[in-house]
Amino acid sequence: MDRIAHTGAWDGLARINDAVAHGPVDILLVSENFGSGHTRAAEALANGIERSRPELRVQLIELGRALQPQINRALLTSYLGMIRRAPNLWRKVYGRHHGRLFPRWLQWCLHQTLYASLSDLIETFRPKLVVSTHPFASSGVGKLKQKGFPLRLCTVITDFTAHGSWVHPEVDRYLVPTPQVREQLVQLGVEDCRIQVTGIPTDVQFWEEGNRLHARQRVGLLDKPTVLILGGGLGIGTDMLVQMAAKWKEEMQIVVCTGHNRKVYQWLRSDPSLKHPHIRVLGYTRRLSDWMDAADLILSKPGALTCSEAIAKGTPLLLYGSIPGHEEQNSRFLVSHGLAVQAKNEEELDACFAQLLRKPDRFQIIRENMLRWRKHIHPSNSVEAVLEMMVSEPSSEFLIKA
């Protein structure tokens, strides 16, 4: 699979055209980088398609970074700034449209800001099927369908709740994580026949059965109680969490992964209070499955992709903090279904660490719930659903200009 613009290596449509001069693709996966989970879900789906049908040509693009890189960076900076400095404002913005569709004027603004040249990209790729893992990307492609582009559009919902921004009448099929999300979409006006419960796509590495002792040997850890701290691809909150966990460093190992956040990584690596043989600071790693195998407990905010990977791996989840809105909804879902426990303050966090060390059975119950739950969310479900959509194709005559 060719991947364009999700690593930041490609900026602008001209380079995309150079990269795909060899012709159209069968499946175009589109996402956005407002949180890395959307793209990780798309990558997992793309990898699964390639394993199942290697003859198909698959392309993955983060649309905003490809089409409007400067505007995309500004929007991402504004988004991160708001959730850090004005979380209540973001919660209000999110909640305003949680139970209703995005107004057409807002979709028009989004299209003019990020997706004005999306039609050129679509004409370059001429995909038989577009699969979106972000609501903004679904909106952009849906706008082209309104104008007559012969596209089939599949939207993969990558949270444990259905926000109104995901819903667009042009979507041919929704792949959703749970029956509850199916019900929410129906309440928002989506026909039940267009919804399929598949789980959130996760990479097959998280489904491989691991041995904790062997995993610890592979990554260079002692055979000692271990907490893995995650903050998604952006490393959000990892600096705070490792500082709170560090008081337990004599009794347990603490591994913190800052993802693509180089600033936090460098700050933690230089912090003298964290220079201890039981504390490991990691940046982005492709061995996250090994680290999950090695851990007794994952401490994280409730990002849906990270939590889905933990469920697939069967490593218990301890949730602390959340991005207002969708992650708060994720947390409620996971805790109510016995797939995680939540600590609301440092005192509760310490109590959970004490239980891990002295009463680990509490977390064994979560693991058992995870292993039962994951029977319904195997990644092949999403792959099969997408490939089924390839059977019926619209005309490939791209003659309409947006």
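This report concerns the structure included in the present document. Position labels on residues start from 1 in each chain and follow its written sequence. Confidence filtering applies because this is a predicted model: local features only for residues at pLDDT of at least 70, side-chain atom pairs given and counted only at 80 or more, and all residues used for totals across whole chains, interfaces and linings. With hydrogens and water excluded, all non-hydrogen atoms of the structure serve as input to the side-chain values.

## Considering the sheet that holds strand 11 (residues 297–300)
The strands that make up a sheet are held in pairs by hydrogen bonds between backbone atoms, and each pair lies either parallel or antiparallel.
Piece 1. Two strands qualify as a pair provided that DSSP identifies no fewer than 2 bridges between them. Going along the chain from the N terminus, every DSSP run of H or I of four or more residues is numbered as a helix, and every run of E of two or more is numbered as a strand. Pairing within the open sheet is parallel, and its six strands lie in the order 10-9-8-11-12-13. If you trace the sheet from one side to the other, it starts and ends with strand 10 (279–282) and strand 13 (341–342), each paired once.
Piece 2. In this structure, strand 8 (residues 226–230) lies alongside strand 9 (residues 253–257), joined through five bridges in parallel fashion. Each bridged residue has a counterpart across the sheet, and for Val227 the counterpart in strand 9 is Ile254.

## Considerations on helix 10 (residues 212–219)
Piece 1. Whether a residue is buried, partly exposed or exposed follows from its accessible area with a 1.4 Å probe, protein chains only, as a fraction of its type maximum: under 20%, in between, or over 50%, in that order. Every buried residue of helix 10 is listed here: Ala215, Arg216 and Val219. Burial along helix 10 is one-sided: seen end-on, the buried residues are contained in an arc of 100°.
Piece 2. In this analysis, two residues are considered to be in contact whenever any of their non-hydrogen atoms come within 4.5 Å of each other. Against strand 8, strand 10 and helix 13 (288–294) lie the buried residues of helix 10.
Piece 3. For helix 10, the N-terminal capping position is held by Asn211, with its side-chain oxygen 3.1 Å away from the main-chain nitrogen of Leu213. The reported arc concerns the directions from the helix axis to the C-beta atoms and nothing else. Nitrogen and oxygen atoms within 3.5 Å of one another constitute a polar contact, given that in protein one can donate a hydrogen and the other can accept it, and given that sequence-neighbouring residues count only through two side-chain atoms.

## With respect to the layout of surface pockets
Piece 1. What the largest pocket holds in volume is close to 1200 Å³.
Piece 2. Together, 41 residues line the largest pocket, and Ser36, Arg40, Gly233, His260 and Tyr284 are the ones closest to its centre.
Piece 3. Counting residues per element, the ones that place at least two in the lining of the largest pocket are helix 2 (37–52), helix 4 (69–85), helix 12 (262–270) and helix 14 (304–313).
Piece 4. It is helix 2 that provides the largest number of residues to the lining of the largest pocket, a total of five residues. We place a 1 Å grid over just the protein atoms. Points where a 1.4 Å probe fits but has no way out form a cavity, open points with protein on both sides within 12 Å along at least 5 of 7 lines form a pocket, and any residue with an atom within 4 Å of a point lines it. Grid points are joined across faces, edges and corners, and a volume is the space filled by probe spheres set on the points.

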